[in-house]
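# Structural description and commentary
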Amino acid sequence: MGFLDILLGRTKAVAPDLDQLFGLPSAALTLQAAAGFTPTGTGAVCFASVEGGAFAQAHQEVQELLDADAERTGPPVEVSRDEYGYSWLVSRREPDDLPALVSDLHAVNSALEGSGFGPQLLCSVAGFQDTGRRRLGLVYLYKRGTFYPFAPLAGEAQRRDNALELQVKAALADDLRIEQDLSRWFPIWGAPGL
């Protein structure tokens, strides 16, 4: 970063560090102890779809790679599209097998990045819930290399439990690289698994 960048307030983009995803299993233990949330076994990777054969081929290869896992139980990997036009590749594992789910999320991100589609990657999310059925997602922002909690409130209205999100932020500060800029804690309404 140069002198003009400092004067003009420009910051250097943070390179994605997909290995940060492997911090989720230990963070899950902290999250359970601090707030009573346990993994749901559902995770997803969100990306902006691109028209063209190369992207379709990379997308198909990722899906086949995950579906070929001999230890996978339950439904195969699925793709859904949200109301904003973004695609979600959803993986479901047993709730107590968070490491396998994290490996799935990492594999999807790595494969799309390796095929040259890193700019299309937006975020990854792992779902959690407590005994009161409150939902929580730990969201990894691909372009920032950071996590943030997203806690939608139950019901029709799109509202968040901001107090819970801040509680989780404080609890996981030593386990994950938490996004400090709260304006980047984007709501992911309708995300699969939340």
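Residues numbered from 1 in each chain as written. Predicted model: local features only at pLDDT ≥ 70, side-chain atom pairs only at ≥ 80, totals over all residues. Heavy atoms only, no water.

## Here we look at the packing of aromatic side chains
Tallied over the entire structure, the rule returns three aromatic pairs. The interplanar angle of 20° and the centroid separation of 6.0 Å between the aromatic rings of Tyr 148 and Trp 185 together place this pair among those described as stacked. With Tyr 148 in strand E6 (residues 146-150) and Trp 185 in the segment after helix H5 (162-171), this residue pair connects regions lying 37 residues apart in the sequence. Residue classification places Tyr 148 among the buried positions, given a relative accessible area of 1%. Both rings, one in Phe 150 and one in Trp 189, keep their centres 5.2 Å apart while their planes meet at 75°; by these two values the pair is edge-to-face. Placement of the pair is Phe 150 in strand E6 and Trp 189 in the segment after H5, with a sequence separation of 39 residues. (Phe/Tyr/Trp six-rings, centres within 6.5 Å; stacked < 30°, edge-to-face > 60°. Helix = DSSP H or I, 4+ residues; strand = E, 2+ residues; numbered from the N terminus. Buried < 20%, exposed > 50% of the residue type's maximum accessible area, 1.4 Å probe, protein only.)

## Concerning H5
The complete set of buried residues in H5 reads Leu 164, Glu 165 and Val 168. Viewed end-on, H5 has its buried residues packed into an arc of 100°, placing them on one side of the element. In H5, the exposed residues that point more than 90 degrees away from the buried face are Ala 163 and Ala 170. (Arc of directions from axis to C-beta.)

## Here's the deal with unusual backbone geometry
The backbone of Arg 133 shows a phi angle near 70°, a positive value even though the residue is not glycine. Inspection of the secondary structure puts Arg 133 in the loop between strand E4 (121-129) and strand E5 (135-141).

## Regarding the pattern of salt bridges
Under the definition given, this model contains seven salt bridges. Between Arg 144 and Glu 179 there is a salt bridge whose closest N-O contact spans 2.9 Å. Of this pair, Arg 144 sits in the loop between E5 and E6 while Glu 179 sits in the segment after H5, placing them 35 residues apart in sequence. According to the relative accessible area criterion, Arg 144 is partly exposed, its value standing at 28%. Overall, Glu 179 belongs to the buried group, its relative accessible area being 2%. As a salt-bridge pair, Arg 184 and Asp 181 come within 3.6 Å of each other at their nearest N and O atoms. Residue classification places Asp 181 among the partly exposed residues on the basis of a relative accessible area of 31%. (Salt bridge = Lys/Arg side-chain N within 4 Å of Asp/Glu carboxyl O.)

## Quick look at the pairing of E6
For E6, the tally of buried residues reaches five of five residues, placing the bulk of the element in the interior. On E6, burial covers both faces: Thr 146, Tyr 148 and Phe 150 on one face and Phe 147 and Pro 149 on the other are all buried. Direction of pairing for E5 relative to E6: antiparallel, over a ladder of five bridges. If you follow Leu 141 over to E6, its bridge partner there is Thr 146. As consecutive antiparallel partners, E5 and E6 are separated by four residues, and within that stretch Gly 145 has a phi angle of approximately 70°, a positive value. (Pairing = 2+ DSSP bridges.)

## Quick look at the environment of Gln 57
Looking at where Gln 57 falls in the secondary structure, it is placed in helix H3 (residues 53-67). For Gln 57, a relative accessible area of 45% translates into the label partly exposed. C-alpha separation for the pair Gln 57 and Ser 115, spaced 58 residues apart in sequence, amounts to 9.6 Å.

## Some words on helix H2 (residues 24-35)
A rise of 1.5 Å per residue sets the reference length of H2, with its 12 residues, at 16 Å; its end C-alpha atoms lie 15 Å apart and thus fit the reference within 8%. Within H2 the residues assigned to the buried category are Leu 24, Ala 27, Ala 28, Leu 31 and Ala 35. Looking straight down H2, one finds that the buried residues subtend no more than 110° of arc, so they occupy a single side. Turned more than 90 degrees from where H2 packs its buried face, Leu 29 and Ala 33 sit exposed. Summarising the contacts, the buried residues of H2 are in contact with strand E1 (38-47), helix H4 (98-117), E4, E5, E6 and H5. Phi for Gly 36, located one or two positions after H2, is positive at around 80°. (Expected span 1.5 Å × (residues − 1). Contact = heavy atoms within 4.5 Å.)

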